[in-house]
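Here are the chains, one letter per residue:
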Amino acid sequence: MKRTLTIEHCLYLLAFLVGLFLRFYRLGLPALGENEAAWALQALEIARGAAPQVGSQPGYVLLTGMLFWLMGSTNFLARFLPALAGSLLIFLPYLFRSIYEDSEWLRKAGLVMAFGLALDPGLVALSRQVGSPIPAIAFTLLTLAMFVNRQWVLTGIFGGLVLLSGPALVPGILGLVLAWAILHLFIRLGWVQKTQFAIPEVIEPAEARRNGLLSLGVTVLVAGLLFLRVPQGLGALAQTLPNYLSGWLKPGEVPALRLPATLLIYQTLAFLFGLAAMVRGWVAARSGLRSAYLSQLLSLWALVALLLAFIYPARQVADLAWMLIPLWALAALEISRHLPARENLPTRLVALGLAGLILLLMVISWVNLLSLVRMNGSPLLYGAVIAGALLMAGIAALLVAMGWSYPAARMGFAWGLLLGLGLGLFSTTLGVSQVRPNSIRELWSTSPAAGQVTELAATLRSLSDWKTGFADQIDVVVTADTNILRWALRDDPNVTFASSPESTVSPAVVITWKDQESPALAQAYRGQDLILQWYPGWQGALPSPFLPWLTYRQAPLAQLQIVLWARVDVFPGGTFDQLDLTPDQELSPAPDEQWVP
């Protein structure tokens, strides 16, 4: 049957392009953090033909290693697989379209969900970080979508990638299974009326299913063993469940309350509309409506995913990503109810005017907050401004309901809230992806983050060019052994990592911890201190003070510093001859001197 390009298809494509831009633009700009660099280094060893001990994310390590082997190791390629998987998530509502294709309202909800997945700041931030949380979610749900559509070969391929996704897979699968089991328990108790979805029944020969199993096995062998070149991949696959279970024995580093606080701040729109859909679904629990049944299943999935992340001792904010999918599905169900359908044009115009007023009040409230924070105003004053804006919005909606119609007031209030929160959502997403990419001040970022790594690399290139005429030929000894530095200096052939520089050797450059004892012949070196890593400087769920962080992302940070020591003869005009130095000679040491090449 010939397929035609419809407006719906164009909107899905637009959502995909927006999500693609937010995930890939300037993807390689921020330097890799400590945890990111650890996984990228494993992939680099694969690309160089070494036999590393593959960690618990074999899919990411081996596939990224193949990319490094084909196109070279870069920050962009290190983050390519998560960004691609995060972009594919946007098509999930369309891939499940066969279930609800007969409902115009659910088709609207699918489009809303696609844009929500494209713009969500948490999903965008995690898609721009090295690791498997986003690939685990994307490949799991794509496997389910291909299964529903009876695409057995693709089901096997995505299923194989799911098995290679690492420990992030376990809570997601567990949450889905528990939500489904709880819902069926409620059905047996008579609390929920089950509804059958119109899944097309396609009778296929057993050969099709065998092809699916075959494609799964081939995917595991190819992506998990890299064409049988890396047998450690299967060993890493066996570590998935033990690594997740070991997290139950570790002390928590992230406060539990940070997870719900993150949802309220970053996913305000999805949280409010999703909560409304939850309430609506459970109020109609025994109605037998398809929308109520879908809301109940999604709400159980979201709550179980939140609970699993909340009680997990080794929790990270990234564990919330599994909850974002059902949360956006719920929000889309509620938002689509308020999209214009049968109301006449005058009602829509009145609703649009009310929405504009509510949006204006929300913007004024935010501008006042910015001003109060900048002037160190009292939080009580801002609370009064917010209360006044809410009161005015409520009065305006009430007047519209009494003077025109309730549908106009309902739509106008929902549209105004949607526009205001949507504007905030887009602003937050731009912040985490473009303005402050991978910044440790964002709750969705992984700690520790890289510091002045770009400045370090530029300084070494300048010193090498002055000394040798080439950008990567200077000899460097590094005693501050970290994954960040190993990744940053991966292409420099004359870099040596050691616990301390040899007393008989005077390398051109030595990189040490700032609190480490100065290298030998310190009087012949000049030092520049640099920030290697950034850590959150707060212990609670949110940074303190809260309002400066909320408005300008101002937060206390902790740092780990290194010192780059350069021998004086490396500089233009500098001279150094170790043999000519006598014990009474001294070259004016300057360990704290700040210099810029």
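K.L.:
Looking at this structure, how should I read the packing of helix H1 (residues 7-24) against helix H8 (residues 104-119)?
P.N.:
Packed helix pairs are specified by the crossing angle of their axes together with the interaxial distance, meaning the distance between the axes. The contact between H1 and H8 brings their axes to 8 Å, and the two run at 10°. Considering the angle they form, H1 stands roughly parallel to H8. Note that H1 runs across H8; the crossing there is left-handed. Only Arg 107, Gly 110, Leu 111, Ala 114, Phe 115, Leu 117, Ala 118 and Leu 119 of H8 make contact with H1, whose side of the interface consists of Glu 8, Leu 11, Tyr 12, Leu 14, Ala 15, Val 18, Gly 19, Leu 22 and Arg 23. Here the residues of the contact of H1 with H8 are counted per class, giving 12 nonpolar, 2 polar and 3 charged.

K.L.:
Looking at this model, I keep getting lost on the packing of aromatic side chains. Mind explaining?
P.N.:
Here a ring pair, both rings aromatic, is described through the centre-centre distance and the interplanar angle of the planes. Following the criterion strictly, the structure yields 16 aromatic pairs and no others. Ring centres 5.0 Å apart and planes at 15° place the aromatic pair Phe 21 and Tyr 25 in the stacked group. On the accessibility criterion, Phe 21 (44% relative accessible area) is partly exposed. We classify Tyr 25 as partly exposed; its relative accessible area is 44%. Relative to Trp 191, the ring of Phe 186 lies with its centre 5.2 Å away and its plane at 40°, an arrangement referred to as tilted. Cation over ring: Arg 486 sits above Phe 497, and NZ or CZ is 4.1 Å from the ring centre. Here the basic side chain of Arg 490 rests over the ring of Trp 487, its NZ or CZ set 3.9 Å away from the ring centre.

K.L.:
Would you mind going over the sheet that holds strand E2 (residues 476-478) with me for this structure?
P.N.:
Two strands in a sheet stick together by hydrogen bonds in their backbones, pointing the same way (parallel) or opposite ways (antiparallel). The strand order across the open sheet formed by 6 strands is E1-E5-E6-E4-E2-E3, and the pairing between neighbours is mixed. Of all the strands in the sheet, just strand E1 (449-450) and strand E3 (495-497) have a single pairing partner and so form its edges. Docked against the sheet, helix H23 (residues 453-468) engages E1, E2, strand E4 (509-513), strand E5 (525-536) and strand E6 (557-567), running at close to 5° with respect to E6.

K.L.:
Honestly, the side chain of Ser 56 in this entry has me stumped. Any pointers?
P.N.:
Of note, Ser 56 is situated in the loop between helix H2 (34-47) and helix H3 (58-71). Here Asn 243 takes part through its side chain, which lies 3.2 Å from a polar atom of the side chain of Ser 56. Ignoring sequence-local partners within four residues, the contact set of Ser 56 consists of Trp 39, Gly 166, Pro 167, Ala 236, Gln 239, Thr 240 and Asn 243.

K.L.:
Sorry, what's going on with the nonpolar core here?
P.N.:
In a soluble, globular protein the nonpolar side chains are often hidden away together inside. Counting 105 residues, the largest nonpolar core has Phe 68, Ala 78, Phe 139, Ile 325, Trp 328, Trp 444 and Trp 487 as the members making the most contacts within it. With 13 residues, helix H19 (residues 321-337) is the largest single contributor of residues to this core. Once residues lying within four places of it in the same chain are set aside, the contact partners of Ile 325 are Leu 89, Met 113, Leu 117, Leu 123, Ile 137, Leu 141 and Trp 301. Core analysis: the next-biggest nonpolar cluster, separate from the first, contains 23 residues, Val 453, Leu 456, Leu 463 and Leu 530 among them.

Cut-offs applied
Residues numbered from 1 in each chain as written. Predicted model: local features only at pLDDT ≥ 70, side-chain atom pairs only at ≥ 80, totals over all residues. Heavy atoms only, no water. Axes fitted to C-alpha atoms, helices over the stretch in contact; angles between N-to-C directions. Helix = DSSP H or I, 4+ residues; strand = E, 2+ residues; numbered from the N terminus. Parallel < 35°, antiparallel > 145°, perpendicular 65-115°, else oblique. Left-handed = near helix turned anticlockwise from the far one by under 90°. Contact = heavy atoms within 4.5 Å. Nonpolar A, V, L, I, M, F, W, Y, C, P; charged D, E, K, R; others polar. Phe/Tyr/Trp six-rings, centres within 6.5 Å; stacked < 30°, edge-to-face > 60°. Buried < 20%, exposed > 50% of the residue type's maximum accessible area, 1.4 Å probe, protein only. Lys NZ or Arg CZ within 6 Å of the ring centre and 35° of its normal. Pairing = 2+ DSSP bridges. Polar contact = N/O pair within 3.5 Å; in protein donor to acceptor, adjacent residues only side chain to side chain. Core = buried A, V, L, I, M, F, W, Y, C linked by side-chain atoms within 4.5 Å.

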